[in-house]
Structures are given as C-alpha cells and as structure tokens.
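# Fold and contact review
What follows is each chain in one-letter form.
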Amino acid sequence: MTTPLIDPTLLLPALLAAAAYTLTPGPAFLALLGIGATQGRRAGIGFLAGHLAGDVVWASLALIAIIGAQSLGTMMFDLLGLACGLYLCWLGWKAASVRRDADPQTTVGAKRPLLRGLAFGLMNPKGYPVAVATFTSLLASRSQDLSWERMPLLLLAAFAGFILADGLLAYVVGAGLVRRFYRRHQLWVTRASGVLFIGFGLNALWHSTYSLWTSWRRAA
C-alpha cells in the first residue's frame, strides 16, 4: 500500500515551523519593529516583502538538509537535531541574559525597507541554522514520513506559513500601541525572544535524544 502524497498532519508542522521561524524574535524581527516604530506600517511591509525571499531560500535549504539526512538514516537526522537544539539553546541564552546596558535594536530607520529586508533575509548568517533547527524541532517526530516527493508540498506549506506570519506582522507593525510598547520594553522583548529560542531548542533535543536512545536499545 502506497503512502499518500498529501498528509495534512505532516504539512501542518511545516506551516507552523515557517510561521514560528518568522514570528520568533531575532535580528530581523527587531529590525522590523525598529523600522515600523520610526517609519510606520508601509515601510514595515516593504521590509517583510524583501525578507520573504530569504525565508524561502533558507526554508528550501533546511528541508533539503533534513530530508537528505533522513534518506541517509535516522541517526544523521537525530544528530542534526541535537546540534540544532544546542545551537538554539545557546542563541536563546544569549538573548535571555542580555544586559540592560546592551542595545537590543540591531537597525532602525532604513531608507529603503524593501532592499533592507532582502539583505536581511539573504545575508543573515543565522538564517540557515535557525531554519534547520526550527523545522527539525517540529518535524523530528515525523522523520520517517519525510521524502523528496513530498518536499514541494512541504515547501508550499512553509510558504503559506510565511505569508500568514508576515500578514500578522504587517497588521501590527507601525501601530501606535506597538511602537510605544517596543520603545519602552526593548530589553524585555529581546529576553522573551531568548526564552522562545530555548523552548524550540529543548524540543529538538528531546525528540533527537529519545530517537537515538530508542535506536540504541533496538541495536543492543
């Protein structure tokens, strides 16, 4: 019996991973808030439109790495999950423990938001490992169902997640309440982003460790 190509229970985690990747605060997220706070919603939408190109590129590479690791065996996938989980925990700890005298805002007031978003999306060195870690944390429990045949649908689901998340951000960015809140609570926004990264990291570590332990018990 062949496995159906379309599996909503597999596509939903891909959509959620993409949305979480977009909504989880990081350098680009803080840059968007800064641009929205200084130039308004229209500039923020321009930034998001440019950044979407990078989101698609990193998501594609992340899925290639994840599915490729799965085709080589579950151990490769689990080790990848461990590495990404540790990376997310480290990244989250840095953000959660940021000092009050540090500047959590990476950039504000870009003159060309569209090009700025494109540069952020394509040139951010954290884009690929964070994408791999986020997608791994939500797809690890379904690793046996991943395949190259399903990759286009997974990428389409991820694209839908990006669009939904960008739509939500476009709705709130530039709003007076958000602008005032961000200016007043920059430090706590950065620390909260760290807690979210740690949560995704622990989730990836749990699934990968459990899978490695199960495989070792079967081989023993």
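For the structure given in this document, a descriptive report is provided here. (Residues numbered from 1 in each chain as written. Predicted model: local features only at pLDDT ≥ 70, side-chain atom pairs only at ≥ 80, totals over all residues. Heavy atoms only, no water.)

Turning next to the overall build of the chain. A tally of helices and strands in the chain yields 9 helices and 0 strands. Going from the N terminus to the C terminus, the chain shows its helices and strands as α-α-α-α-α-α-α-α-α. Expressed as a percentage of the 220 residues in the chain, the buried residues total 48%. Expressed as a percentage of contacts within the chain between residues at least 6 apart in sequence, the contacts between residues at least 24 apart total 91%. With an accessible surface of roughly 11,500 Å², the chain has 69% of that area assigned to carbon and sulfur atoms. (Helix = DSSP H or I, 4+ residues; strand = E, 2+ residues; numbered from the N terminus. Buried < 20%, exposed > 50% of the residue type's maximum accessible area, 1.4 Å probe, protein only. Contact = heavy atoms within 4.5 Å. Areas by Shrake-Rupley, 256 points an atom, 1.4 Å probe, with all protein chains shown as cover.)

When you line up the elements, G194 lands in helix α9 (residues 186–219). With a relative accessible area of 0%, G194 lands in the buried category. Counting along the chain gives 105 residues from G194 to C89, while the straight-line C-alpha distance between them is 8.3 Å.

Turning to the packing of aromatic side chains, a few remarks are in order. One pass over the structure, following the stated rule, counts 2 aromatic pairs. Plain terms: the ring middles of Y21 and F162 are 6.1 Å apart, the flat faces sit at 65 degrees to each other, and that makes the pair edge-to-face. Pair noted here: Y21 is in helix α1 (residues 8–23) and F162 is in helix α7 (residues 151–172), with a separation of 141 residues, a long-range link. Accessibility expressed as a relative area gives 13% for Y21, which makes it buried. Given a relative accessible area of 1%, F162 falls into the buried group. Ring centres of W206 and Y210 lie 5.9 Å apart, and the angle between their planes is 25 degrees; on these two criteria the pair is classed as stacked. In this pair, W206 and Y210 both sit in helix α9, 4 residues apart, roughly one turn of the helix. Overall, Y210 belongs to the exposed group, its relative accessible area being 51%. (Phe/Tyr/Trp six-rings, centres within 6.5 Å; stacked < 30°, edge-to-face > 60°.)

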